[in-house]
Amino acid sequence: MSEWAANTATARGWFESLRDQICAEFESIEREAGSDASFAYTPWSRTEEGNNDPGGGVQGLMKGKVFEKVGVNVSTVRGSFPKEFAGTVNGADADNPGFTATGISLVAHMHNPHVPAVHMNTRFLTTGKAWFGGGADLNPPIPNTQDTEEFHAAMRAACAAHNPTYYEKYKKWADDYFYIPHRQMHRGVGGIFYDHLECGNSDAFDRNLAFTQDVGKAFLSVYPALVRKRMGAEFTAEDEAALLEYRGRYAEFNLVYDRGTIFGLKTGGNIDAILMSLPPRATWG
């Protein structure tokens, strides 16, 4: 097994472990709310002409009393980018379009408008280069300053353990990235977003994997706590209307601008898994 293949296997193992921990915690929240909802897991296989080992993944989906819709997906895929797309990816081009990618992607849409929606994704890719990327961001239909501060404090602590410059840099990256130009608004209240943490040697891989693991652990620590704090809050018809309008904005970003959606569609991913980020209900105008 090559070093890059071994690194992909190591990263995949972490992403699958994180998936299991997150899903267990979310199911526990449903139990606390008196629901027996649980995740349904659907394996899928990727196809690519001339590729005998294109990979695939598992889509995890739960619809419950607290989580109106939450998806937690893990995939590991390999193959070649379409030539017209290859040049947009770090370390790839039309003459060298090969890639391997493994990652976890999570989106939760909540019944209660006072419980923030959330997105988290971390991944490891290899082309002519190898790197980690990802992050987590909070998406409340009705922002709460205390919740925002707690979420950012968790991300700040994860960053500070590795590099004192990471948080401010990656917070700004999230603010810039999760912006809807045609609405002139941000998708949520931010978090962190990072990419191209390159792994040119084993020390760099270990260092960047450790950071990526700490981002996942920080998410697992802070987000369930926010859900438990807000899931019993009373809400009005006006709050529900705000929730549905906000979800429309969320869907617009993911369909028009989100790089993960584009990557999945360009690489022959599972359509249901790619679009699991879309909310179950939304309104426009």
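Residues numbered from 1 in each chain as written. Predicted model: local features only at pLDDT ≥ 70, side-chain atom pairs only at ≥ 80, totals over all residues. Heavy atoms only, no water.

Undergrad: Just to check I follow, could you spell out the pattern of salt bridges for this structure?
TA: Where charged atoms from two side chains of opposite charge approach closely, those side chains can pair. Tallied over the entire structure, the rule returns 21 salt bridges. With a closest N to O distance of 3.2 Å, R78 and D53 form a salt bridge. Placement of the pair is R78 in strand β3 (residues 67–80) and D53 in the loop between β1 (40–45) and β2 (55–62), with a sequence separation of 25 residues. In this structure D53 comes out as partly exposed when scored by relative accessible area, which is 46%. K171 is the partner of D175 in a salt bridge, and the nearest nitrogen-oxygen pair spans 2.9 Å. Highlighted residues: D175 and K171, both in helix α4 (residues 166–177), separated by four residues, approximately one helical turn. (Salt bridge = Lys/Arg side-chain N within 4 Å of Asp/Glu carboxyl O. Helix = DSSP H or I, 4+ residues; strand = E, 2+ residues; numbered from the N terminus. Buried < 20%, exposed > 50% of the residue type's maximum accessible area, 1.4 Å probe, protein only.)

Undergrad: Can you walk me through the packing of aromatic side chains in this structure?
TA: For any pair of aromatic rings, the description consists of the separation of the ring centres together with the inter-plane angle of the planes. Evaluated as defined, the whole model comprises 26 aromatic pairs. Taken together, a centroid distance of 6.1 Å and an interplanar angle of 20 degrees make the contact between F39 and Y41 stacked. Taking the relative accessible area as the measure of exposure, F39 reaches 7% and is therefore buried. Plain terms: the ring middles of W173 and F193 are 5.5 Å apart, the flat faces sit at 80 degrees to each other, and that makes the pair edge-to-face. (Phe/Tyr/Trp six-rings, centres within 6.5 Å; stacked < 30°, edge-to-face > 60°.)

Undergrad: Even after reading the chapter, I still don't get the layout of surface pockets, so can you show me in this structure?
TA: Space inside the largest pocket adds up to approximately 990 Å³. In this structure, the largest pocket is lined by 48 residues; those nearest its centre are N121, R123, R259, G260 and F263. Contributions of two or more residues to the lining of the largest pocket are made by β3, β4 (98–110), β5 (117–126), β6 (130–139), β9 (190–198), α7 (259–266) and α8 (271–274). Across the lining of the largest pocket, the residue classes tally to 20 nonpolar, 21 polar and seven charged. (1 Å grid on protein atoms, 1.4 Å probe; cavity = no way out; pocket = protein on both sides within 12 Å on 5 of 7 lines; lining within 4 Å. Points joined across faces, edges and corners; volume = space filled by probe spheres on them. Nonpolar A, V, L, I, M, F, W, Y, C, P; charged D, E, K, R; others polar.)

Undergrad: I'm lost on empty space enclosed by the protein in this one. Help?
TA: A probe as big as a water molecule, rolled over the atoms, marks out the empty space that is left. Within the structure shown, the criterion is met by one cavity of 30 Å³ or more. Its volume calculated, the largest cavity comes out at about 60 Å³. Taken together, H109, M110, N112, V115, A117, P141, L243, Y246, R247 and Y250 make up the full set of residues lining the largest cavity. Counting only elements with at least two residues in the lining of the largest cavity, the list comes to β4 and α6 (237–256). At four residues, the largest contribution of residues to the lining of the largest cavity is made by α6. Grouping the amino acids of the lining of the largest cavity by side-chain chemistry returns seven nonpolar, two polar and one charged.

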